[in-house]
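Residue-level structural notes
Residue-level listing of the chains:
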Amino acid sequence: YEWIIRFLAFRRKRDGLRDFWFVFDSLLVWTMIFETWVMSIVFLAAMDSGSGGMGNASILRIARLLRLTRMARMARLLRALPELLILIKGMV
């Protein structure tokens, strides 16, 4: 909902692509949509295919790899923005 309101707030919609924070928020939203909906559909399709226990195990391995890539992205972000790391340490 917030993303749609922010998109509609741009006078020229093309300016949304020039705003770094809007692009960053859009990336986060689309990543969450992918993880929530698309991966759920893939898991359900794999379970219905009846390929046996090993098929399900390989899908779980792929999900673990996706989580690792997300963690690597977060580590790269924290390295690029040390102030963010200080804020996170202050919250914990």
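What you see is a predicted model, and the numbers here were worked out from it, not measured in a lab.

What follows deals with the overall build of the chain. Counting its regular elements, the chain contains 4 helices and 0 strands. Starting at the N terminus, the α and β elements of the chain follow one another as α-α-α-α. Taken across its 92 residues, the chain has 11% of its residues classed as buried. Counting contacts in the chain only where the partners sit at least 6 residues apart, residues at least 24 apart contribute 19% of the total. Within the structure as shown, the chain displays about 8100 Å² of accessible surface, and the carbon and sulfur contribution to it stands at 71%.

For the structure shown, the criterion picks out 4 salt bridges. Measuring nitrogen to oxygen at the nearest pair gives 3.5 Å for the salt bridge that ties R12 to D15. Residue classification places R12 among the exposed residues on the basis of a relative accessible area of 54%. A residue is classified by how much of its surface remains accessible, and D15, at 22% relative accessible area, is partly exposed.

A cluster of nonpolar side chains, contributed by W30, I33, F34, W37, V38, V42, I62 and L66, occupies part of the molecular surface with about 770 Å² of accessible area. For the nonpolar patch, the secondary structure elements donating two or more residues are α2 (20–48) and α3 (53–80). A per-element tally of the nonpolar patch places α2 first, with 6 residues. Relative to the assigned elements, W37 resides in helix α2. We classify W37 as exposed; its relative accessible area is 59%.

Taken as a whole and judged by the stated rule, the model has 8 aromatic pairs. Taking 5.7 Å as the distance between ring centres and 5 degrees as the angle between the ring planes, the aromatic pair formed by W3 and F7 counts as stacked. Of this pair, W3 and F7 are both found in helix α1 (residues 2–9), 4 residues apart, which corresponds to roughly one turn of the helix. Plain terms: the ring middles of W21 and F24 are 5.9 Å apart, the flat faces sit at 85 degrees to each other, and that makes the pair edge-to-face. Of the two residues, W21 and F24 both sit in helix α2, 3 residues apart, roughly one turn of that helix. Look at W21 and you get exposed, because its relative accessible area is 53%. Connected via pairs of aromatic rings, a cluster forms that spans W3, F7, F10, F22 and W30. Of note, K13 hangs over the ring of F7, and the distance from its end group to the ring centre comes to 5.7 Å.

About the cut-offs
Each residue is numbered by its place in its chain's sequence as written, counting from 1. Only residues with pLDDT of 70 or above have their local features reported here, since the model is predicted, and side-chain atom pairs are shown and tallied only from 80 upward, although totals for entire chains, interfaces and linings are computed over all residues. Only hydrogens and water are removed before side-chain values are computed, so all heavy atoms of the structure are retained for them. Comment: elements are numbered from the N terminus, with helices defined as DSSP H or I runs of at least four residues and strands as E runs of at least two. A 1.4 Å probe rolled over the protein chains alone gives each residue an accessible area, and that area as a share of the maximum for its type sets the label: buried under 20%, exposed over 50%, partly exposed in between. Residue contacts are defined here by distance: any two heavy atoms, one from each residue, within 4.5 Å place the two residues in contact. The Shrake-Rupley method, run with a 1.4 Å probe sphere, supplies the accessible areas, and residue values consider only the shown protein chains as cover. Note on definitions: salt bridges are taken to be side-chain nitrogens of Lys or Arg within 4 Å of carboxyl oxygens of Asp or Glu. Residues enter patches when their relative accessible area tops 30% and they take part in no salt bridge; the joining distance is 9 Å for like charges and 5 Å for the nonpolar side chains Val, Leu, Ile, Met, Phe, Trp and Tyr. Working definition: rings of Phe, Tyr and Trp (its six-membered ring) pair if their centres are within 6.5 Å, and the pair is stacked with planes under 30 degrees apart, edge-to-face with planes over 60 apart, and tilted otherwise. Two conditions define a charge located above a ring, namely a distance within 6 Å from the ring centre to NZ of Lys or CZ of Arg, and an angle within 35 degrees of the ring normal.

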